[in-house]
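If you want the building blocks of each chain, they are given just below.
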Amino acid sequence: MKQIIIIFLVALTIGSCKKQTQENSSELEIDMDHSPEIVAEVYGFSLNDFEVVEDTIRNGDSLGKIFSQNNLTPGQIHSIVEKVNDTINVKNIRVGKPYSLVKYKNQDKLAAFIYHPNISGYQVVDLRDSVRAYTKTYPVTLKRRTIASNIDGSLSASLNKEGAEEALAVRMSQIFAWSIDFFKLQPEDKFAVTIQEKYINDTVYVGISKIEAAYFNHRGKDLYSFPYQRPGSQGTEYYDEEGRPMKSMFLKAPLEFFRITSRYTKKRFHPVQKTWKAHNGTDYAAPTGTPIMATASGVVERAGYTAGNGNYVKIRHNGTYSTQYLHMSKILVKKGQYVNQGQTIGLVGSTGLATGPHVCYRFWKNGVQVDPLSQVLPNSDPMDKKDIPAYKEHISSLKLELDEVIKTKFTQK
């Protein structure tokens, strides 16, 4: 009797589970029947109604040719080009750039042409109903990070090992150009920089948006720099932690990359004239065509040619200072023109009395030629004292964040 009862209970349980399973299955089927339909889209076109053909611009391709191959008449093509030319420069379609054709399903009829001029977005020529053209830009995400490292070879190589682009090395060298000779970095030097980087659709890297804070320890000296726009000023400048401008009135040299072949001296054997005489400039050797920069802002006082100087430019910076740049292969400015610090004013050459491509850089103070490398030169305009409290408040969290990374990175054992 006991066994019969057990068998009955087991059968009852199985029946109950089966009934429950059937009920759940029935409910599941109902849910599936009423689930919303998911419609896939590409470029805003439903794949239920359209198909997309991907292709690449080839030699000889043009918008007219592509439209002609898709059954549009010359009259239709002319009308379309007239309507979209303000949005899409049809003559600027480049070989190798991708494009897409959106076609009606089951019809050999073009609904839209999609052109991808760059990775930031695409341009649409919509041929449905009335013709219209528009540009779509992919969303851009900003991501922050702080990089810290010792110098390993060069700043560029060190940043590369941290996964940063080469352009960051250029920007950092520009920030600290008045404080550090980047040709004399030491292995014990170290740096840190907080940056914002741009990503398309949160995944595709497209470059640095801005530098928020930067630090260098060079020859044992700590150097901080922060971008800041003073009230009433036209742009952003870099300042140290005390609000002193990073930028000197003069660049250290008129070339970005160079080697000094002859310094200012009162007695030098002239390589062309073969006689001892004063050399009132500093020679910076570089390949022909290397850009020559104005070391400070000012007005071009002279621009021309003489037998000794070759092609040359002289700039008056203020009532005290003037500079001159000799032996150019090409002059790129005119007398009376105002030039900014760092602006290219000519190209390195060997015109005049020169044995090879270089720029002879001459420096005047109060009308007397002096050695620019021995001068204590003025900084750019200092920050107004009343602006310093707001500046220090602005940089406080940035410096704290930077210091924390520096402490963690460089005290690791």
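A brief report on the enclosed structure follows. Computed from a predicted model, the values in this text were never measured in an experiment. (Residues numbered from 1 in each chain as written. Predicted model: local features only at pLDDT ≥ 70, side-chain atom pairs only at ≥ 80, totals over all residues. Heavy atoms only, no water.)

1. Side note on unusual backbone geometry
The phi dihedral of N201 falls on the positive side, at around 55 degrees, and the residue is not glycine. One can find N201 in the loop between β9 (190–200) and β10 (204–218). Taking relative accessible area as the criterion, N201 reaches 40% and is therefore assigned partly exposed. (Helix = DSSP H or I, 4+ residues; strand = E, 2+ residues; numbered from the N terminus. Buried < 20%, exposed > 50% of the residue type's maximum accessible area, 1.4 Å probe, protein only.)

2. Comments concerning the side chain of S100
Locating S100 in the fold gives a position in strand β4 (residues 98–104). There is a polar contact of 3.2 Å between the side chain of S100 and the side chain of Y43. Residues within four places of S100 in sequence aside, it is in contact with Y43, V52, V53, E54, A112, F113, I114 and H116. (Polar contact = N/O pair within 3.5 Å; in protein donor to acceptor, adjacent residues only side chain to side chain. Contact = heavy atoms within 4.5 Å.)

3. Topic: the pairing of strand β19 (residues 310–316)
Counted residue by residue, β19 has six buried out of seven residues, so it is predominantly covered. Direction of pairing for strand β18 (residues 298–306) relative to β19: antiparallel, over a ladder of seven bridges. Note on β19: the bridge partner recorded for A303 is V313. The loop that links β18 with its antiparallel partner β19 comprises three residues. As judged from the five bridges shared by β19 and strand β20 (residues 321–331), these two strands associate in the antiparallel manner. Bridge pairing in β20 places K314 opposite Q324. In this antiparallel pair of consecutive strands, β19 and β20, the connection spans four residues. (Pairing = 2+ DSSP bridges.)

4. Section: a nonpolar patch on the surface
Taken together, the side chains of I119, V204 and V206 make up a nonpolar region of the molecular surface, amounting to roughly 220 Å² of accessible area. Note on placement: V204 falls in strand β10. Owing to a relative accessible area of 38%, V204 belongs among the partly exposed residues under this scheme. (Patch = residues over 30% accessible without salt bridge, like charges linked within 9 Å, V, L, I, M, F, W, Y side chains within 5 Å. Areas by Shrake-Rupley, 256 points an atom, 1.4 Å probe, with all protein chains shown as cover. Salt bridge = Lys/Arg side-chain N within 4 Å of Asp/Glu carboxyl O.)

5. A word on the sheet that holds β10
The strands making up a sheet associate through hydrogen bonds between their backbones, and the pairing can be parallel or antiparallel. Spatial ordering of the open sheet is given by β8-β9-β10-β11-β12, a layout of five strands whose pairing is antiparallel. Unpaired on one side and paired on the other, β8 (140–150) and β12 (237–239) mark the two borders of the sheet. For this sheet the average axis-to-axis angle between neighbouring strands, irrespective of direction, equals 25 degrees. Running at roughly 40 degrees to β10, helix α5 (residues 166–175) makes contact with β8, β9, β10, β11 (221–228) and β12 of the sheet. (Axes fitted to C-alpha atoms, helices over the stretch in contact; angles between N-to-C directions.)

6. Quick look at the packing of aromatic side chains
Within this structure, the stated rule accounts for 20 aromatic pairs. Between F182 and F216 the ring centres are 5.6 Å apart and the planes differ by 90 degrees, which places this aromatic pair in the edge-to-face class. With F182 in the loop between α5 and β9 and F216 in strand β10, this residue pair connects regions lying 34 residues apart in the sequence. Aromatic pair Y224 and F226: ring centres 6.4 Å apart, planes at 5 degrees, arrangement stacked. Aromatic ring contacts, followed pair by pair, group F250, Y284, Y321, Y325, Y361 and F363 into a single cluster. The side chain of K314 reaches across the aromatic face of W364, ending 3.9 Å from its centre. Over the face of the ring belonging to Y224 we find K399, whose NZ or CZ atom lies 4.5 Å from the ring centre. (Phe/Tyr/Trp six-rings, centres within 6.5 Å; stacked < 30°, edge-to-face > 60°. Lys NZ or Arg CZ within 6 Å of the ring centre and 35° of its normal.)

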